[in-house]
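Structure at a glance
Single-letter residue listing:
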There are 4 protein chains.
Amino acid sequence: MVGYKFMGKAHSHAYKDVGMFFDMDADVVMKAICGRDEEGVKAAADKFGWESYETDWRKLIARDDIDFVDINAPSDAHKEIALAAIAAGKHVFCEKPLALNLADGREMLAAAEKAGVKHGICFNYRFLPAVQLAKKIIDSGKLGEIHHYRATYLQDWLVDPEAPLAWRLKKEVAGSGAHGDINAHSIDLARFLIGEFDRVIGHNRTFVKERPIPVSMSGLSAVGSSEKGEVTVDDATAFLADFKNGAMGMFVASRFATGRKNHNTFEIHGSKGSIRWDLERLNELEVYFREDEPELAGFRRIMATEPEHKYAANWWPTGHIIGYEHGFVHITYEFLQHLATDSPFAPTFADGVRCQEVLEAVDLSIERGAWVSVDEV
Amino acid sequence: MVGYKFMGKAHSHAYKDVGMFFDMDADVVMKAICGRDEEGVKAAADKFGWESYETDWRKLIARDDIDFVDINAPSDAHKEIALAAIAAGKHVFCEKPLALNLADGREMLAAAEKAGVKHGICFNYRFLPAVQLAKKIIDSGKLGEIHHYRATYLQDWLVDPEAPLAWRLKKEVAGSGAHGDINAHSIDLARFLIGEFDRVIGHNRTFVKERPIPVSMSGLSAVGSSEKGEVTVDDATAFLADFKNGAMGMFVASRFATGRKNHNTFEIHGSKGSIRWDLERLNELEVYFREDEPELAGFRRIMATEPEHKYAANWWPTGHIIGYEHGFVHITYEFLQHLATDSPFAPTFADGVRCQEVLEAVDLSIERGAWVSVDEV
Amino acid sequence: MVGYKFMGKAHSHAYKDVGMFFDMDADVVMKAICGRDEEGVKAAADKFGWESYETDWRKLIARDDIDFVDINAPSDAHKEIALAAIAAGKHVFCEKPLALNLADGREMLAAAEKAGVKHGICFNYRFLPAVQLAKKIIDSGKLGEIHHYRATYLQDWLVDPEAPLAWRLKKEVAGSGAHGDINAHSIDLARFLIGEFDRVIGHNRTFVKERPIPVSMSGLSAVGSSEKGEVTVDDATAFLADFKNGAMGMFVASRFATGRKNHNTFEIHGSKGSIRWDLERLNELEVYFREDEPELAGFRRIMATEPEHKYAANWWPTGHIIGYEHGFVHITYEFLQHLATDSPFAPTFADGVRCQEVLEAVDLSIERGAWVSVDEV
Amino acid sequence: MVGYKFMGKAHSHAYKDVGMFFDMDADVVMKAICGRDEEGVKAAADKFGWESYETDWRKLIARDDIDFVDINAPSDAHKEIALAAIAAGKHVFCEKPLALNLADGREMLAAAEKAGVKHGICFNYRFLPAVQLAKKIIDSGKLGEIHHYRATYLQDWLVDPEAPLAWRLKKEVAGSGAHGDINAHSIDLARFLIGEFDRVIGHNRTFVKERPIPVSMSGLSAVGSSEKGEVTVDDATAFLADFKNGAMGMFVASRFATGRKNHNTFEIHGSKGSIRWDLERLNELEVYFREDEPELAGFRRIMATEPEHKYAANWWPTGHIIGYEHGFVHITYEFLQHLATDSPFAPTFADGVRCQEVLEAVDLSIERGAWVSVDEV
């Protein structure tokens, strides 16, 4: 694994726990973790339970005892590491965004397909029980024809103008701001749930244009200095979308939505029913069916914690909720089974590329002030 | 009508509006309103739309142009006025509580039955669309056998120790505190929805034992003086109940539930389903059915604002909510139709007496520190 | 008053009740109601409490005993009636939309201003206590600089393809579909709360293009025949907006949002706080303040039913909720006081025109596939 | 560790993960797990990450390489194992209930105190961030004097009469039904948050008196046979309580609350504020403060996922929720630190005994039909 910060912790935890709750067809051995700062990565290896560590990802990739590489380093490093790993014949699992831009993402996908290695991208929210239930309901036809899809991904950690200029706020490292970081999740969920985008138009803002340069650029919690630097990514991006199936879409991602901590929601209206979901209450799914008796119809608050719900029985008895990190355990389970047994797996690099296409089409629409077809980018 | 304060306003409004929204079999003529303070009652007659006013209820009752009397004077006056009205052959509609105590209530009921006049008591919450829907669901058997009934009626207007000693806090005028005022509503709803009480046991508190004597004793909003007087009613009363059908019951009424403004709720669990309701969101009913597919079962939030819901179509289109006073309009509609067409009507004085029996059984259980059978009082 | 259907009922009720709950500086006399169908309007006059009725609005306007005219006839009749009333020197209160198009609306505004009559438009939602509280919070600066405004107005009464072709679905009568009918409310609330629109871009859909022609074209509840006719308005319209103050806006109106009955919501994020409101729970306002201790900060569910909240004390004690129609009573109170005492009043025809500008800019943006400046239309 | 079923899994997970998210003053080594069925316990050891296993707890206790024993075997085995472990000088951590009855619990406490070993009981819910916040708010005086405490713990896994007769339904193994299993949690939370009980009175029910005997008695998911056996514990127990500080209490536990999956809630009203919490949304705390401006006061929905909240920063960034099992990780952290550094720790066996006293006082009150003082049992 390359990377040992927030995502490194979430991924490590998944590797550590997956075998305890799921029946795996292969053993999981946590061989090595890699990071540039020796002290930091050594501590992480120890803390997270890795057998060894490396400070140069090239060495990690060169090791014979490693079959597959998990990349959760900052976004600007994804491409180079992934290409090298693929070249070395390793399977690759990559944090989103796949790459800093679409061209790079396509190159990575092409390389992986050509090399015949297995590849995945960490759109973890697909794997929450309530989201799986939403997918099942839609696929069963119970919502009918889809008319509306609306998503929000709202956070507020930048609303304080003194919040420092973390790496996530520099285009050259992060590629994008709220758009690439969190709209990416909403776009992937929309594709997963109702299908492909046709065209988009958006707008965005950088509400605070300069921020204190942090003493260290690492992490969300970096402390700011008195010197200021330019924010080169968006604080918020919103867009309208037409889907290929005719549905109308609406998306907003913001780091300035005061009071909304991790408000990743979707609401879908079909001709036969509707669905609503919110990451802050990720165990619940609200569902409405028109076929219910009119007198008794209403949004149902389904607790997706019952034995009938995917993954739920692997954890605790009925009604005992799970948290954010469980999505990582589930995607890890699915990807490791994919490696071990060739079971089907998505999302792959192809999904990373599709998501990037939508992201870039939105950016292009902002430049042009007009609709952009996703197929055009 | 006798009484012209909070309840006088609510009742007057109902008489004024009922003909606009409902098809009545008789015309409603608002003949006269009565109160002791001439200036006050004159203003109310004018404001509320009454043709005339009286300052002595004996005169009101003596009038030939009046067929029925609505009594919403303070509780200690109910009995005398009602008995006189009944003796004069008038139909009577009375605010709850029916009387200051059970013996008085029984006397009123006996008089009304003997005289053959029609009688009703204003348990207005029965007549909200969501409560009617709850009743219909239970009567249809969709909840199965009832196991649990829990009710709260929580307010917080007395939590400030400087809130003045209003008439509602004096036993000789009000009869009882939170218990008689708001547990009475919960008891009536329980009887309406699931049936009769078997036995009860309770406890109560008067958290603030002395309060400033108000300059005037009228109304909730009276301003306090520097002199203090004793509070002689309960601030909060809670009790357990066994119902005759075997269900377990739990009730709490309080004027000290900080932050709860008018939190009149019930939650009912049966062998096949459950129901929850809250007066602060009176247009909604939460319902759970075990017969729903396990994967898709959840509490439904039903908006009882649809054409299928009782009384809803008389008001506004789908999804347009109604408020507190609409319950009064509905009960008024039903009682006036009862007068005009002899259509069935409940709650009558008999329901007022049943309610009073439960209230007094609870008080007796508090004295004794042991369960009291409701049939015993 | 011209019109006697859904809106006629809501307005009549307001005139009937306003004097009971508010202290008016002039008496309200309900002189005459007007409609084309004699039987219908006669019944309405009787039911709603009007002294007389007319079947020709010209006669109504010609009457000397009438000072002001309330127009809630179908939208295509607004202009002609209003111009005639203005010409006759009557004050005018008009249902929204002001007119079928912007040019007509501007003509009406110009006529009213030239004639010096008083004019108002019935954007009733401004006058709900929770919305008034939102306005007060924003004006006080407690939300800081506004970054985001999002509104939905979602209904589902057209999702059934067999729902008949009511007059609201014909462009020549209604002017517009969901956009003009319900986005209009959202646009007005946004202007009221945070100010003017700069530019917009939208998309729309008519999901069901043909519907059964009703036997009668009147009312929402018309029954369909076997013959079909073309739907010539939008079923749903969504748009992005930039506000002049720099805020990002997002709006969606739909009559195809299955399960959403009257889901008129707004959510506003400012640099210091956030607000959320929903018409289905119109007595509540959710508010977040960044200045709260971080450990204790959270969205507050404020019950706007307390004596401190505008209009609330005119109704019932604390915690007793009001409904949809109360907004009409409040706007009626304000407009009648405006007539009687020259107290300030908004929204006027000018607000109707501003709203229409935004609506038409959105339609133009849909035609062009590009942003349209509101000042341009 | 003795026990390897539901609780064995939850505890094992805590030992496995605690070092990854918390800085420990001692290493955690998962030496051995113990259970009677060799195949089962061997599989659990492997799955959960224990170094070895035993099939006889006496052998486990005899091992020199073991410093402390975690007991989560069925309740009837707690006493014997704990006494033996204490006798061997091991520290002991025990699942609740401490023992089958109060006398046994007192014996265990006395033994542990006499031996000077450290002891804890697994009231895990105390250690959720939102519950810790509730405790902090109450201790700070922000709620003022406590007037009301109400708790529910509602499940519905027994409402199906064909649900088999699991060991939890036999008094000789489980000691008690819903009362000992889940009211125990509510009682402990009440003691933790507002202090000691004075007197209680309750009632209970066994709604389904006979159930199919399962082929195997182990686990919640056992499959039933056609033969039936008697249920010897309560399906539901409710009680009223007076607290020593004068507060009124109300508790209900049920396994028949259809639709409520794990509805462990408390609501507390004090003279200055109120608190509400629900395990199904365990990351949230609803709090009301009277000191807020009246116009702006409302229940705040606090997400206890922020850096300011206890334990939250050890997990994920702001707004990323945690689940049921995290309470086990936190209590494990606190107990292990207590072992390593002698940091203060509660709940101990003494808390287990106090809880048992309340449980038994309630049972006694049911027998007697009258209030029972907790000091009396």
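Rules used throughout
- Residues numbered from 1 in each chain as written.
- Chains lettered and ligands numbered in written order.
- Predicted model: local features only at pLDDT ≥ 70, side-chain atom pairs only at ≥ 80, totals over all residues.
- Heavy atoms only, no water.
- Salt bridge = Lys/Arg side-chain N within 4 Å of Asp/Glu carboxyl O.
- Helix = DSSP H or I, 4+ residues; strand = E, 2+ residues; numbered from the N terminus.
- Buried < 20%, exposed > 50% of the residue type's maximum accessible area, 1.4 Å probe, protein only.
- Contact = heavy atoms within 4.5 Å.
- Buried area = accessible area lost by both parts, 1.4 Å probe.
- Polar contact = N/O pair within 3.5 Å; in protein donor to acceptor, adjacent residues only side chain to side chain.
- Least-squares fit on C-alpha atoms with pLDDT ≥ 70 in both.
- Phe/Tyr/Trp six-rings, centres within 6.5 Å; stacked < 30°, edge-to-face > 60°.
- Lys NZ or Arg CZ within 6 Å of the ring centre and 35° of its normal.
- UniProt positions renumbered as here; feature names shortened; annotations may be inferred.
- Core = buried A, V, L, I, M, F, W, Y, C linked by side-chain atoms within 4.5 Å.
- Expected span 1.5 Å × (residues − 1).
- Arc of directions from axis to C-beta.
- Domains from an automatic or database assignment.
- Nonpolar A, V, L, I, M, F, W, Y, C, P; charged D, E, K, R; others polar.

Considering the pattern of salt bridges
One pass over the structure, following the stated rule, counts 147 salt bridges over all chains. As a salt-bridge pair, Asp242 of chain D and Arg205 of chain B come within 3.0 Å of each other at their nearest N and O atoms. Within this pair, whereas Asp242 of chain D is found in strand E10 (residues 236–243), its partner Arg205 of chain B is found in strand E7 (residues 197–205), the two belonging to separate chains. In this structure, Asp242 of chain D and Arg205 of chain B share a single accessibility class: buried. Overlapping salt bridges bring together Arg126, Asp188, Arg191, Glu196 and Asp351 of chain A as one network.

Examining the interface of chain B and chain C
Taken together, the contact between chain B and chain C spans 41 residues of the former and 41 residues of the latter. A combined buried area of about 3,700 Å² lies between chain B and chain C, and 58% of that area is made up of carbon and sulfur atoms. Here chain B and chain C share six salt bridges between them. Glu280 of chain C is paired through a salt bridge with Arg301 of chain B; the nearest N and O atoms lie 3.3 Å apart. The tally of links between chain B and chain C comes to 26 residue pairs in polar contact (both at pLDDT 80 or more). Those elements that provide at least two residues to the side of chain B that touches chain C are helix H1 (6–21), helix H2 (38–48) and strand E15 (299–303) of chain B.

A look at the relation of the copies chain C and chain A
Overlay of chain C on chain A (RMSD 0.0 Å): rotation 180°, translation along the axis 0.0 Å. Here the symmetry operator amounts to a two-fold rotation axis. If distances are taken from each C-alpha of chain C to the rotation axis, the shortest is found for Ala370 of chain C, at 2.2 Å. Same-surface contact between copies: 100% of interface residues of chain C are shared with the interface of chain A.

Thoughts on the packing of aromatic side chains
Scanning the model with the defined rule gives 112 aromatic pairs over all chains in all. A ring pair is formed by Phe21 of chain A and Trp316 of chain A, whose centres lie 5.6 Å apart and whose planes are at 75°; its orientation type is edge-to-face. Of this pair, Phe21 of chain A sits in helix H1 (residues 6–21) while Trp316 of chain A sits in the loop between strand E15 (299–303) and helix H9 (326–341), and the two are 295 residues apart along the sequence. Comparing Phe21 of chain A with Trp316 of chain A, the two get one shared label, buried. Taking the centre distance of 6.3 Å and the plane angle of 50° together, the rings of Tyr125 of chain C and Tyr153 of chain C count as tilted. Placement of the pair is Tyr125 of chain C in the loop between strand E5 (119–121) and helix H6 (129–139) and Tyr153 of chain C in strand E6 (residues 146–154), with a sequence separation of 28 residues. Taken together, Phe6, Tyr125, Tyr153, Tyr324 and Phe328 of chain A together with Phe21, Phe22, Tyr311, Trp315, Trp316 and Tyr333 of chain D form an aromatic cluster joined through their ring pairs. Sitting over the ring of Trp57 of chain C, Arg58 of chain C keeps its end group 4.1 Å from the ring centre.

Here we look at the UniProt feature "domain: Gfo/Idh/MocA-like oxidoreductase N-terminal" (unreviewed entry) in chain A
In the numbering adopted here, UniProt assigns the feature "domain: Gfo/Idh/MocA-like oxidoreductase N-terminal" (unreviewed entry) to residues 1–118 of chain A. For the annotated span residues 1–118 of chain A, helix accounts for 48% and strand for 12% of the residues, and the straight-line distance between the end C-alpha atoms is 16 Å.

Considerations on the nonpolar core
In this structure, Tyr149 and Phe197 of chain B together with Tyr149 and Phe197 of chain C are the most contacted members of the largest nonpolar core, which totals 225 residues. Beyond its immediate chain neighbours, meaning those up to four positions away, Phe197 of chain C contacts Ile187, Ala190, Arg191, Phe239, Ala241, Asp242, Phe243, Lys244, Phe251, Val358 and Val374 of chain C. Core analysis: the second largest hydrophobic core is formed by 224 residues, Leu109 and Val131 of chain A together with Ile187 and Val200 of chain D among them.

Here's the deal with the relation of the copies chain B and chain C
Overlay of chain B on chain C (RMSD 0.0 Å): rotation 180°, translation along the axis 0.0 Å. With an isologous cut-off of 70% or more, the 100% of interface residues of chain B that recur at the interface of chain C puts this contact in the isologous class.

Looking at the interface of chain C and chain A
Quoted interface sizes are often the accessible area lost when the parts come together. With 49 residues of chain C at the contact, the number on the chain A side is 49 residues. When the buried area of chain C at its contact with chain A is split by residue, His203, Met248 and Thr258 of chain C rank highest and sum to 17% of it. Taken together, chain C and chain A are joined by four salt bridges. For Glu267 of chain C, the salt bridge identified is with Arg260 of chain A, shortest N-O distance 2.7 Å. Of all the secondary structure elements, the ones that give two or more residues to the side of chain C that touches chain A are E6, strand E7 (197–205), strand E10 (236–243), strand E11 (248–254), strand E12 (263–270) and strand E13 (273–278) of chain C. Counting residues per element, the side of chain C that touches chain A draws most heavily on E10 of chain C, which supplies seven residues.

As for helix H5 (residues 102–115) of chain D
All names here are of chain D. For H5, built from 14 residues, the straight-helix expectation of 20 Å at 1.5 Å per residue is met to within 8% by its first-to-last C-alpha distance of 20 Å. Looking only at H5, the buried set comprises Leu102, Asp104, Gly105, Met108, Leu109 and Ala112. In a view along the axis of H5, the buried residues occupy a sector of 160°, so they form one face of it. More than 90 degrees from the buried face of H5, the exposed residues found are Ala103 and Lys114. Of the surrounding elements, those touching the buried residues of H5 are helix H4 (78–87), strand E5 (119–121) and helix H10 (349–368). For H5, the N-terminal capping position is held by Asn101, with its side-chain oxygen 3.2 Å away from the main-chain nitrogen of Ala103. Downstream of H5 by one or two residues, Gly116 has phi in the positive range, about 70°.

Quick look at the domain arrangement of chain A
Residue and element names in this part refer to chain A. Per the domain assignment, the segments of chain A are domain 1 (6–119) and domain 2 (126–368). Taken over C-alpha atoms, the centre of domain 1 sits 23 Å from the centre of domain 2. With 39 residues of domain 1 in contact, the opposing surface of domain 2 contributes 39 residues. Taken together, both faces of the contact between domain 1 and domain 2 bury some 3,400 Å²; the carbon and sulfur share is 73%. At the junction of domain 1 with domain 2, the criterion picks out three salt bridges. Between Asp342 and Lys118 there is a salt bridge, with its nearest N and O atoms 2.8 Å apart. Along the contact surface separating domain 1 from domain 2 lie nine residue pairs in polar contact (both at pLDDT 80 or more). Looking at the side of domain 1 that touches domain 2, the elements that each hand over two or more residues are H1, strand E4 (91–94) and helix H5 (102–115). Per element, the largest residue contribution to the side of domain 1 that touches domain 2 is nine residues, and it comes from H1. Here the side of domain 1 that touches domain 2 is built from residues that sort into 25 nonpolar, seven polar and seven charged.

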